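Coordinates in review
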Amino acid sequence: MIIGLAACECLIYDAHSLKDKRAVLQRILTRLRQRYNLSVAEVDYQDTWQRTKIAIVSVASSKVAVERELQDALKLIDSFPEIERTITDMEWI
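Read on for a plain summary of the structure. Keep in mind that what you see is a predicted model, and the values were worked out from it rather than measured.

**Structural notes on the nonpolar core**
Counting residues in each nonpolar core, the largest one holds 23 residues, and the members touching the most others are Ile28, Leu32, Leu38, Ile54, Ile56, Ile77 and Ile83. Breaking this core down by element, the ones donating at least two residues are strand S1 (2-11), helix H1 (18-35), strand S3 (51-60) and helix H2 (63-78). With sequence-adjacent residues up to four places away left out, Ile28 is seen in contact with Ile77, Phe80 and Ile83.

This is the structure we're talking about:
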């Protein structure tokens, strides 16, 4: 069994309040949960308007399957024009 974690910092340039940020973030996190078999959460910068850190976790029997799922999730995040992914760290357990 392999557990993969992708932690990515993102910028939301058009957010002028926490409400704006959470609206964008909620749309992205909901789409990730619906489309892929993984867990996602905002794990840092909860009180910052234009910055966030999202953790994505996947579990499977092979590293290839986990890596493919995490890469697909990161591509989905990149497909949203209102958010820019900056730093991404991957860990394997």
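**Overview of the sheet that holds S1**
Neighbouring strands of a sheet are bound in pairs by backbone hydrogen bonds; such pairs are parallel or else antiparallel. In spatial order, the strands read S2-S3-S1-S4; together these four strands make up an open sheet with antiparallel pairing. In this open sheet, the two edge strands, each paired with only one partner strand, are strand S2 (39-44) and strand S4 (84-92). On average, each strand axis in the sheet is inclined to that of its neighbour by 25 degrees, with strand direction left out of account. As paired elements, S1 and S4 share seven bridges and run antiparallel to each other. Bridge pairing in S4 places Leu5 opposite Glu91.

**Topic: the environment of Leu38**
Topologically, Leu38 is positioned in the loop between H1 and S2. You can call Leu38 buried: its relative accessible area is 12%. Note: C-alpha distance between Leu38 and Ser58 (20 residues apart in sequence) is 4.9 Å. If we skip the residues at most four places from it in the chain, Leu38 touches Leu32, Ile56, Val57, Ser58, Glu69 and Ala73.

**Re H2**
For H2, built from 16 residues, the straight-helix expectation of 22 Å at 1.5 Å per residue is met to within 8% by its first-to-last C-alpha distance of 22 Å. Residues of H2 that are buried: Val66, Leu70, Ala73, Leu74, Leu76 and Ile77. For H2, the angular spread of buried residues about the axis comes to 155 degrees, placing them on one side. Summarising the geometry of H2, the exposed residues directed more than 90 degrees from the buried face are Val64, Arg68 and Lys75. Looking at the buried side of H2, the elements it contacts are S1, H1, S3 and S4.

**Notes on the pairing of S2**
Relative to S3, S2 runs antiparallel, the two being bridged by five bridges. Across the sheet, residue Asp44 finds its bridge partner in S3, namely Lys53. In this antiparallel pair of consecutive strands, S2 and S3, the connection spans six residues, and Tyr45 shows a positive phi of 60 degrees.

**Overview of the state of the cysteines**
Counted according to the given criterion, the structure contains zero disulfides. Considering cysteine sulfurs only, Cys10 is the nearest to Cys8, which forms no disulfide, with 4.2 Å between them.

Cut-offs and rules
Residues numbered from 1 in each chain as written. Predicted model: local features only at pLDDT ≥ 70, side-chain atom pairs only at ≥ 80, totals over all residues. Heavy atoms only, no water. Core = buried A, V, L, I, M, F, W, Y, C linked by side-chain atoms within 4.5 Å. Buried < 20%, exposed > 50% of the residue type's maximum accessible area, 1.4 Å probe, protein only. Helix = DSSP H or I, 4+ residues; strand = E, 2+ residues; numbered from the N terminus. Contact = heavy atoms within 4.5 Å. Pairing = 2+ DSSP bridges. Axes fitted to C-alpha atoms, helices over the stretch in contact; angles between N-to-C directions. Expected span 1.5 Å × (residues − 1). Arc of directions from axis to C-beta. Disulfide = S-S within 2.5 Å.

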